[in-house]
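Each chain, letter by letter, is given below.
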Amino acid sequence: MQKDNKDKDWRLQGQEKYLLGEKLVFKNYADKNTKTNHDHCEFCSEKFSETLPDSLRSGYATTDDYHWVCEKCYSDFKESFKWKE
């Protein structure tokens, strides 16, 4: 992970604690049976939902579907986070 402040990206907020080296799978998002029926990208906060308008319908998720990453953030951070597919 880069620690240089001039290269600091506003989206980096300590996600390496739980996403460094994780396996991420590209998949369609399925609304969960929760109060919010959506998730957010772990980096940019874009919304994932299959029912809410203007939401992402697919992206990269951890194998337990708990953490979601949009395609843009996945592309930007896949090397530094050493994600496995």
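Scroll up to find the structure this text is about.
Model, not experiment: these values are computed from the prediction.

Conventions we followed
Residues numbered from 1 in each chain as written. Predicted model: local features only at pLDDT ≥ 70, side-chain atom pairs only at ≥ 80, totals over all residues. Heavy atoms only, no water. Phe/Tyr/Trp six-rings, centres within 6.5 Å; stacked < 30°, edge-to-face > 60°. Helix = DSSP H or I, 4+ residues; strand = E, 2+ residues; numbered from the N terminus. Buried < 20%, exposed > 50% of the residue type's maximum accessible area, 1.4 Å probe, protein only. Pairing = 2+ DSSP bridges.

Draft legend 1. Just the packing of aromatic side chains, in detail. With the rule as written, the count across this model stands at 11 aromatic pairs. Ring geometry for Phe43 against Trp83: centres 5.9 Å apart, planes inclined by 65°, an arrangement best described as edge-to-face. Pair noted here: Phe43 is in the loop between β2 (39-40) and β3 (47-48) and Trp83 is in the segment after α2 (71-81), with a separation of 40 residues, a long-range link. Take Phe43 and Trp83: they sit in the same class, and that class is buried.

Draft legend 2. Expanded view of the pairing of strand β4 (residues 58-62). Of all 5 residues in β4, 5 are buried; the element is thus mostly enclosed. In terms of strand pairing, strand β1 (residues 24-28) meets β4 through 5 bridges, oriented antiparallel. Counted as the bridge partner of Val25 is Ala61 from β4. Counting the residues in the hairpin turn of β4 and strand β5 (residues 68-69) gives 5 residues, including Asp65, whose phi is positive at 60°.

Draft legend 3. Fine view of the sheet that holds β1. Strand order in this open sheet of 3 strands is β1-β4-β5, and the pairing throughout is antiparallel. At either margin of the open sheet sits one strand with a lone partner, and together these are β1 and β5. Direction of pairing for β4 relative to β5: antiparallel, over a ladder of 2 bridges. Of the residues in β5, the one forming a bridge with Tyr60 is Val69.

Geometry only, nothing functional implied.
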